[in-house]
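An overview of the molecular structure
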Amino acid sequence: MSNIVFIGTSLDNYIADKQGGLEWLTTLPNPEQDDCGFAAFMDSVDALVMGRNTFETLCGFGGEWPYSKPVFVLSRSLHAIPEPLQDKAQLIQGSPEEVTRQLNDKGFRRLYIDGGQTIQSFLEAGLIDEMIISRLPVLLGGGTPLFGELASPLWFQLVETKLLLGSIVMSHYRR
Ligand SMILES: NC(=O)c1ccc[n+]([C@@H]2O[C@H](COP(=O)([O-])OP(=O)(O)OC[C@H]3O[C@@H](n4cnc5c(N)ncnc54)[C@H](OP(=O)(O)O)[C@@H]3O)[C@@H](O)[C@H]2O)c1
């Protein structure tokens, strides 16, 4: 059983810019439409756990729902998933420990954990086993941070690092 982060960041560790924008993630030339390992990663997980802000950003994109795996949206304020997405996503509540246990008990063993605050709460609980971080060569100067404060340092082992599109550094870390 493992909880995994797969995320794109700026050099200064932001996952969205000051306006909440994500355009900087897709501005680098990508003539062959390389998905940077995303489809293979998605195949490897059983379900996604994402924070409400990430879910609302996705809903704002419109278009086709991008995930084929079950999505669990962490929120204390949302009362329902919007009707068109009710077969794609469901609400979940609880601490990172409780959420991990609930989903593991249902047979979802490899969980993709997404959203800044969500990742931070799972890191603080010691419940992130792997992180695959793709760092783009841009300083956003502010925005939504990937990392926050921790009570104590968390060490990871570097599994591998790859260069993508000639300028993105993708590093895979494991606790
Ligand atoms: N660069 C990338 O690859 C990437 C990937 C994902 C997201 N993003 C961006 O990152 C931004 C979102 O990140 P974020 O840090 O703002 O937040 P987030 O983690 O997506 O959402 C935070 C919200 O999730 C809920 N939540 C988190 N932990 C919870 C828990 N244990 N129990 C219940 N609810 C919990 C809370 O919602 P309530 O207030 O409803 O309780 C909280 O306000 C968006 O702009 C998104 O587009 C970027």
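The following refers to the structure shown. As the structure is a computational prediction, the values presented were derived from the model and not from experiment.

Cut-offs and rules
Residues numbered from 1 in each chain as written. Predicted model: local features only at pLDDT ≥ 70, side-chain atom pairs only at ≥ 80, totals over all residues. Heavy atoms only, no water. Helix = DSSP H or I, 4+ residues; strand = E, 2+ residues; numbered from the N terminus. Contact = heavy atoms within 4.5 Å. Phe/Tyr/Trp six-rings, centres within 6.5 Å; stacked < 30°, edge-to-face > 60°. Buried < 20%, exposed > 50% of the residue type's maximum accessible area, 1.4 Å probe, protein only. Pairing = 2+ DSSP bridges. Axes fitted to C-alpha atoms, helices over the stretch in contact; angles between N-to-C directions. Near = heavy atom within 4 Å. Polar contact = N/O pair within 3.5 Å; in protein donor to acceptor, adjacent residues only side chain to side chain.

1. Points about the environment of Gly-115
Residue placement: Gly-115 occurs in the loop between strand 6 (110-114) and helix 4 (116-124). Taking the C-alpha atoms as reference points, Gly-115 and Ser-44, separated by 71 residues in sequence, lie 19 Å from one another. In this structure, Gly-115 is in contact with Ile-15 and Thr-54, ignoring residues within four places of it in sequence.

2. Notes on the packing of aromatic side chains
Tallied over the entire structure, the rule returns 8 aromatic pairs. Measuring from centroid to centroid gives 4.5 Å for Phe-6 and Phe-41, while their planes differ by 20°, and the two rings are stacked. Residue Phe-6 is found in strand 1 (residues 2-9), and its partner Phe-41 is found in helix 1 (residues 38-44); the two are separated by 35 residues along the sequence. Given the relative accessible area of 11%, Phe-6 is considered buried. Residue Phe-41 is classed as buried on the basis of its relative accessible area of 5%.

3. Looking at the sheet that holds strand 3 (residues 47-51)
Strands sit in the order 5-4-3-6-1-7-10-9 across an open sheet of 8 strands; the sheet is mixed. Each edge of the open sheet is held by one strand with a lone partner, namely strand 5 (89-92) and strand 9 (157-164). Each strand of the sheet is rotated relative to its neighbour by a mean of 20°, with strand direction disregarded. Pairing of strand 3 with strand 6, which is carried by 4 bridges, proceeds in the parallel orientation. What sits directly across from Met-50, in strand 6, is Asp-114. The strands touched by helix 4 are strand 1, strand 3, strand 4 (71-74), strand 6 and strand 7 (130-135); relative to strand 6, the strand with the most contacts, the crossing angle is about 125°.

4. A word on the site of the ligand
Lining the immediate surroundings of the ligand are 23 residues, of which Arg-52, Thr-54, Ser-75, Ser-77 and Thr-118 lie closest. Contact distances for the ligand include 2.8 Å between a nitrogen atom and a backbone N or O atom of Gly-8. Within the backbone of Leu-74, one N or O atom sits 3.5 Å away from an oxygen atom of the ligand. Among the elements of the structure, strand 1, strand 2 (14-16), helix 2 (52-61) and helix 4 are those that each provide at least two residues to the shell around the ligand.

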